[in-house]
Amino acid sequence: MSPRPHPSAAIGKSAAPEPARTGGFDADFVARVLDDALAADTRVYAISGLQGSGKSTLAAQLAAAARARGLRTAVLSIDDFYLGRRERLRLGRHVHPLLTTRGPPGTHEVALACDVLDRLRDGHAVRLPRFDKLRDTRLPPSRWARAEAVDLTVFEGWFLGTPAQDEAELRAPVNALEREQDPHGMWRGYCNRALAQDYPALWSRLRRMLFLRPPGFDIVLEWRWQQEQTLQARRPQAQAMNRAQVERFVRLFERVSRQALARLPDIADWTVDLDRQRRVIVSGAGAGRSESRRRD
């Protein structure tokens, strides 16, 4: 695909944030994202963003906007490809106990994700995996929705496109959880090797990617706690995580989250900066974007 002007280039020069969202991103911003996906002529459009950044909300809005234009769409998350509880318990016994917790690299069925995206890209019918976070297990295939041929697949995830770290970067723990529960680096080494060896095949399917960049890692805990409360409100009979559990959960993601913050602005095709209320920050260069980067 040849380089082209970004659809947000005509946005005004105000440095103020866009209006606060009420249940989602501003409609004009969603329209610009859809224009970007269509201009790229890609069947798989990726949205990467740290926990709680609004990527799932944006993906749903983007799909709705696409359907309003007559396009057939599918929405997937990398979370839908988590290994089931049984597989993660096996990893916990044989590799490291921290691998029983879903989320970090090494806890996804990457081959299944590649196969599903390939079938969607090629216009084939396919069943879409779904993961039940409150029950912490993937739904059985009999409950997966069937998608016929689609025009656009929106694929979102908290570390899409993130490369592995150098071995030397793994030596020092990034937080107390790593220092106390992974003192020899076995867990983070396993996750990093998975990121280096398994996930590039998945990243290669992402022909166009937007990165929602938060103001820093420190806001992620608050965003993720809000997300957990929303999940609980939707399903009051299920058992959600409490605040302390959410904090521990976020610390499991800290290393790769910081790697994403450092590296994705140079990898993503479009980087959009968010303020602490998840509002898109408009800069003079356009909608808070980095220059468009081409990926092989």
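Preceding block: the structure.
Residues numbered from 1 in each chain as written. Predicted model: local features only at pLDDT ≥ 70, side-chain atom pairs only at ≥ 80, totals over all residues. Heavy atoms only, no water.

A few words on the environment of Asp132. Relative to the helices and strands, Asp132 is located in strand β4 (residues 131–132). Asp132 has contacts with Thr137, Leu139 and Arg235, leaving out every residue within four places of it along the chain. Here the side chain of Asp132 touches Arg135 through a polar contact of 2.8 Å, side chain to side chain. (Helix = DSSP H or I, 4+ residues; strand = E, 2+ residues; numbered from the N terminus. Contact = heavy atoms within 4.5 Å. Polar contact = N/O pair within 3.5 Å; in protein donor to acceptor, adjacent residues only side chain to side chain.)

Where empty space is left in the structure can be found by rolling a water-sized probe over the atoms. Applying the stated criterion across every chain, the model contains three cavities of 30 Å³ or more. Size it by volume and the largest cavity reaches roughly 140 Å³. Taken together, 13 residues line the largest cavity, and the ones lying closest to its centre are Gln51, Asp79, Tyr82, Lys133 and Gln227. Secondary-structure elements contributing two or more residues to the lining of the largest cavity are α2 (55–68), α8 (220–234) and α9 (243–263). (1 Å grid on protein atoms, 1.4 Å probe; cavity = no way out; pocket = protein on both sides within 12 Å on 5 of 7 lines; lining within 4 Å. Points joined across faces, edges and corners; volume = space filled by probe spheres on them.)

Another aspect to go through is the pairing of strand β1 (residues 44–49). β1 sits mainly inside the fold: six of its six residues count as buried. Residues of β1 alternate between two faces, with Val44, Ala46 and Ser48 on one and Tyr45, Ile47 and Gly49 on the opposite face, all of them buried. Across five bridges, the pairing between β1 and strand β7 (residues 152–157) is parallel. In the strand pairing of β7, Tyr45 is matched with Val154. Of the pairings in the sheet, the one linking β1 to strand β8 (residues 208–213) comprises five bridges and is parallel in character. Note that in β8 the partner of Gly49 across the bridge is Leu212. (Buried < 20%, exposed > 50% of the residue type's maximum accessible area, 1.4 Å probe, protein only. Pairing = 2+ DSSP bridges.)

Scanning all chains against the criterion turns up ten aromatic pairs. Seen from their ring centres, Tyr199 and Trp203 are 5.6 Å apart, and the 40 degrees between their planes marks the pair as tilted. Of the two residues, Tyr199 and Trp203 both sit in helix α7 (residues 199–203), four residues apart, roughly one turn of that helix. Judged by relative accessible area, Trp203 falls into the buried class, the value being 11%. (Phe/Tyr/Trp six-rings, centres within 6.5 Å; stacked < 30°, edge-to-face > 60°.)

Across soluble globular proteins, nonpolar side chains show a tendency to be buried alongside one another. Ranked by size, the top nonpolar core spans 54 residues in total, and within it Leu120, Phe155, Leu202, Trp203 and Leu206 carry the most contacts. With eight residues, the single largest contributor to this core is α9. Among residues more than four places away in sequence, those in contact with Leu202 are Ile78, Val110, Ala113, Cys114, Leu117 and Phe155. (Core = buried A, V, L, I, M, F, W, Y, C linked by side-chain atoms within 4.5 Å.)

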